[in-house]
Amino acid sequence: MFGRKKRLWGEKPPFRSDYDAVIIGGGLHGLATAYFLATRHGMNSIAVIEKRYIGYGGAGRNTAIVRANQRTQENLPLYKEALELWPVLTKELDFNLMFYNCGNLNLAHSEAAMKAMRLQVSSARFQGIDIRLVDRKECKELIPALDISDRPRYPVYGGMFHPAGGIVRHDAVVWGLAKGAAKHGVHIHQGTEVRAICTEKGKIVSVDTDKGKINTPRVLNAAGAYSAAISGHMLGIKLPISVLTIQAMVTQPLKPLLDHVVSSGMYHCYANQTLKGEIATGAHMDPWPNYTNQNSAYYIKHQAEALGDFLPCLRGVKFMRCWAGLADMTPDMAPIMDGNDPVEGYYTDCGWGYFGFKSSTVTGKYMAEFMAKGECPEILKPFTLRRFENHRLMGETAALVNYSPDN
Amino acid sequence: MSVSITCPVCGKRKGYEFRFGGEDKGAKPEESVLADPAAWCDYVHMNECRAGVQKEWWCHKDGCGTWFCIKRDTVKNIEVK
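Owing to the predicted nature of the structure, the values given are computational and were not obtained by experimental measurement. Position numbers for residues count from 1 along each chain, tracking the sequence in the order it is written. Naming scheme: in the order in which they are written, chains are lettered from A and ligands are numbered from 1. Local features in this predicted model are restricted to residues of pLDDT 70 or higher, and side-chain atom pairs are both shown and tallied only at a pLDDT of 80 or more, whereas totals for entire chains, interfaces and linings draw on every residue.

**Focus: the overall build of chain A**
Within chain A, the secondary structure is distributed over nine helices and 19 strands. Overall size of chain A, expressed as C-alpha extent along the three principal axes, is 65 × 55 × 40 Å. A pair of residues counts as a contact when their C-beta atoms, built from backbone coordinates, are separated by no more than 7 Å. Within chain A, residue pairs in contact and separated by at least 24 positions form 75% of the contacts whose partners lie at least 6 positions apart. Strands here mean DSSP runs of E at least two residues long; helices mean DSSP runs of H or I at least four residues long; both are numbered from the N terminus.

Here's what the structure looks like:
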């Protein structure tokens, strides 16, 4: 990809007109599913179709944080397994994913927030996840740079510490999975755009791309932010998704000062120090749907103010780079994983919002099982698209999401 | 990314004064239609997620409070006529 160096995932594969499975989207979910289909289910005639290049979208734009501190009993086991998979995959792929389980500290700024965390901690502990409530003093012990005085706009009241979480080098996961999948015969077609998904008598028969037609009985829509548009416009299946831009930025490199990922829902800010010393920080989403990948001065200012308030030592530190990615948000902030309904052979893995990175590998594992056997694994069943019409929304968010600056 | 929105009362203002109110899905269907869970779900939850010009609802929350529709290009994130 860069000059004369050889690509990790082999030479450009030939474009065949028949594949056992076509995966739309060369992001982490698509690549992981392809990898597990090839390694665990013996399918090696698989095409991954990527419009731009692998890792262009959310895979390379997230802030690399991994954690398993969600709210619901349906979500927690999935994220727990995802956390346990990083060391396994590092070994299996023979690729350093740079998993650094430094732990996540979520700050609470009120008794009400502590109460919400109490529920979250109990739910997670019930699933065997390593997580505990911490008081103000322990927050300071974990992150000495934290200002726990009464001075900040939202003084620290306590928090929730999740030692098992941490950060993973997101690009390494893309490269590792692409290398592993390609080694097992998966064809990764970059710069290839899907134009249509063709069905016959309620079954998937082929996919039209700008490079030609591919006959296939199985299609996985793992196109991230574009999955709702693909599903709606190509198959007429509308999804309850809003595509919002989410912004992130890094500061200039500093000496080590943050040993853990720290986040605050009140400040709408999370931060971690990368291995290079930069403070990587993210904000909440733009409050209106759009498909741009641009930042706004409004958010950069917000980020600087928030960080400088609870980590005062960062005041005056310069932001070096900023970027943005797209998050496909569902009303209950839980993903949609479904298949064979209403079109046989059509599988969906989307609605991952801003938590698609931490779950990518485990989702790939189960979606691969789903696609190979045609039967939905038990763990994925609650994530069906039908839950919205059956009023079975998940409680990943305490209140109904209304895409305003409040979330 | 920032956006400017034209309020029918107050004129062109910064996007952060407004609240996005969802895609325009036309008039609310009759109650008898909405009694069907699939139709209800379609009206309440489902979006087109159009990459291009879409008609959508906005409310001037930090201004006059008016609800109105505009057309906006979601790829360029700008209001269009």
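**Side note on the interface of chain A and chain B**
With 26 residues of chain A at the interface, the matching set in chain B holds 21 residues. If you tally residues by element for the side of chain A that touches chain B, the top one is strand S16 (residues 279-289) of chain A, at four residues. Residues are sorted three ways: Asp, Glu, Lys and Arg are charged, Ala, Val, Leu, Ile, Met, Phe, Trp, Tyr, Cys and Pro are nonpolar, and all the rest, Gly among them, are polar. Grouping the constituent residues of the side of chain A that touches chain B by class yields 14 nonpolar, nine polar and three charged.

**What to know about the domain arrangement of chain A**
Residue and element names in this part refer to chain A. Here the limits of each domain have been adopted from an automatic or database domain assignment. Assigned domains of chain A: these are domain 1 (1-100 + 166-239 + 333-407) and domain 2 (104-163 + 242-329). Centre-to-centre, using C-alpha coordinates, domain 1 lies 27 Å away from domain 2. Taken together, the 33 residues of domain 1 in the interface contact 31 residues of domain 2. No other element matches the three residues that helix H3 (residues 76-93) contributes to the side of domain 1 that touches domain 2. Of the residues that constitute the side of domain 1 that touches domain 2, the class distribution is 16 nonpolar, 13 polar and four charged.

**Digging into the nonpolar core**
Here, a nonpolar core denotes buried Ala, Val, Leu, Ile, Met, Phe, Trp, Tyr and Cys residues that are linked to one another through C-beta atoms within 7 Å. Buried residues are those with 20 or more other C-beta atoms within 10 Å of their own C-beta, exposed residues have 12 or fewer, and partly exposed residues lie in between; C-beta atoms are placed from the backbone. Counting residues in hydrophobic clusters, the biggest one holds 133 residues, and the most contacted among them are Ile23(A), Leu31(A) and Ile46(A). If one sorts the elements of this core by residue count, H3(A) sits on top with nine residues. Each of two domains, domain 1 (1-100 + 166-239 + 333-407) and domain 2 (104-163 + 242-329) of chain A, supplies a minimum of three residues to this core. Look past the residues within four positions of Leu31(A) in its chain and what remains in contact with it is Gly26(A), Val48(A), Ile54(A), Val174(A), Leu177(A), Ala178(A) and Ala181(A). The next biggest cluster of nonpolar side chains, apart from the first, holds seven residues, and it includes Trp288(A), Met1(B), Phe20(B) and Trp58(B).

**A look at the environment of Ala108(A)**
Residue and element names in this part refer to chain A. In this fold, Ala108 is placed in strand S4 (residues 104-108). Taking the C-alpha atoms as reference points, Ala108 and Arg125, 17 residues apart in sequence, are found 19 Å from one another. With residues near it in sequence (within four places) discarded, Ala108 still touches Ala113, Met114, Met117, Tyr157, Gly158 and Gly159.

**Quick notes on the sheet that holds strand S1 (residues 21-24) of chain A**
Hydrogen bonds between backbone groups are what pair the strands of a sheet, and the pairing can be parallel or antiparallel. Residues and elements named next belong to chain A. Any two strands are treated as partners once DSSP identifies two or more bridges connecting them. Ordered by their spatial adjacency, six strands build an open sheet running S8-S2-S1-S12-S19-S18, and the pairing between neighbours is mixed. If you trace the sheet from one side to the other, it starts and ends with strand S8 (187-189) and strand S18 (336-339), each paired once. When strand polarity is set aside, the average angle formed by the axes of neighbouring strands in this sheet is 15 degrees. Pairing analysis gives three bridges linking strand S12 (residues 219-221) to strand S19 (residues 346-350), with the strands arranged parallel. Bridging across to S19, Asn221 finds its partner in Thr348. Orientation is described by lines fitted to C-alpha atoms, with helices fitted over the stretch in contact, and by angles between N-to-C directions that extend from 0 to 180 degrees. Its contacts with the sheet place helix H7 (residues 227-235) against S1, S12 and S19, and it is angled at close to 150 degrees to S19.

**Quick look at the packing of H3(A) against helix H9 (residues 356-373) of chain A**
In helix packing, the relevant descriptors are the interaxial angle and the interaxial distance, both defined with respect to the helix axes. All names here are of chain A. With their axes 8 Å apart at the nearest point, H3 and H9 run at an angle of 80 degrees to one another. Between H3 and H9, the angle falls in the class roughly perpendicular. Between H3 and H9, the contacting residues are Leu78, Tyr79, Glu81, Ala82, Leu85 and Leu89 on the first element and Lys358, Ser359, Thr361 and Val362 on the second. Here the contact of H3 with H9 is built from residues that sort into six nonpolar, two polar and two charged. Oblique is the label for every angle not falling under 35 degrees (roughly parallel), over 145 degrees (roughly antiparallel), or within 65 to 115 degrees (roughly perpendicular).

**A look at unusual backbone geometry**
Residue and element names in this part refer to chain A. Residues Asp341 and Pro342 are joined by a peptide bond in cis, for which omega reads 0 degrees. Inspection of the secondary structure assignment puts Pro342 in the loop between S18 and S19. With a phi angle near 55 degrees, Asp94 is a residue other than glycine that sits in the positive phi range. As for its position among the elements, Asp94 is in the loop between H3 and S4. A tally of 11 C-beta atoms within 10 Å means that Asp94 is categorised as exposed.

**Side note on the sheet that holds strand S10 (residues 203-209) of chain A**
Residues and elements named next belong to chain A. Taken together, the three strands give an open sheet; going across it, the order is S9-S10-S11, and neighbouring strands pair in antiparallel fashion. On the outer flanks of this sheet lie strand S9 (194-200) and strand S11 (212-215), each paired with one strand and no other. If you compare each strand with its neighbour and ignore which way they point, the axes differ by 20 degrees on average. Here S9 pairs with S10 via six bridges, running antiparallel. Bridge pairing in S10 places Val194 opposite Thr209.

**What to know about the packing of helix H1 (residues 28-40) of chain A against H9(A)**
All names here are of chain A. Closest axis-to-axis distance for the H1/H9 pair is 7 Å, and the angle between their directions is 45 degrees. One element, H1, and the other, H9, form an angle in the oblique class. Of the two possible hands of crossing, H1 and H9 adopt the one that is right-handed. Contacts between H1 and H9 involve Leu28, His29, Ala32, Thr33, Tyr35, Phe36, Leu37 and Arg40 from the former and Gly356, Phe357, Ser360, Thr361, Thr363, Gly364, Lys365, Met367, Ala368, Met371 and Ala372 from the latter. Partitioned by chemical class, the residues of the contact of H1 with H9 number ten nonpolar, seven polar and two charged. Note on convention: near helix rotated counterclockwise from far helix by under a right angle means a left-handed crossing. Clockwise means right-handed.

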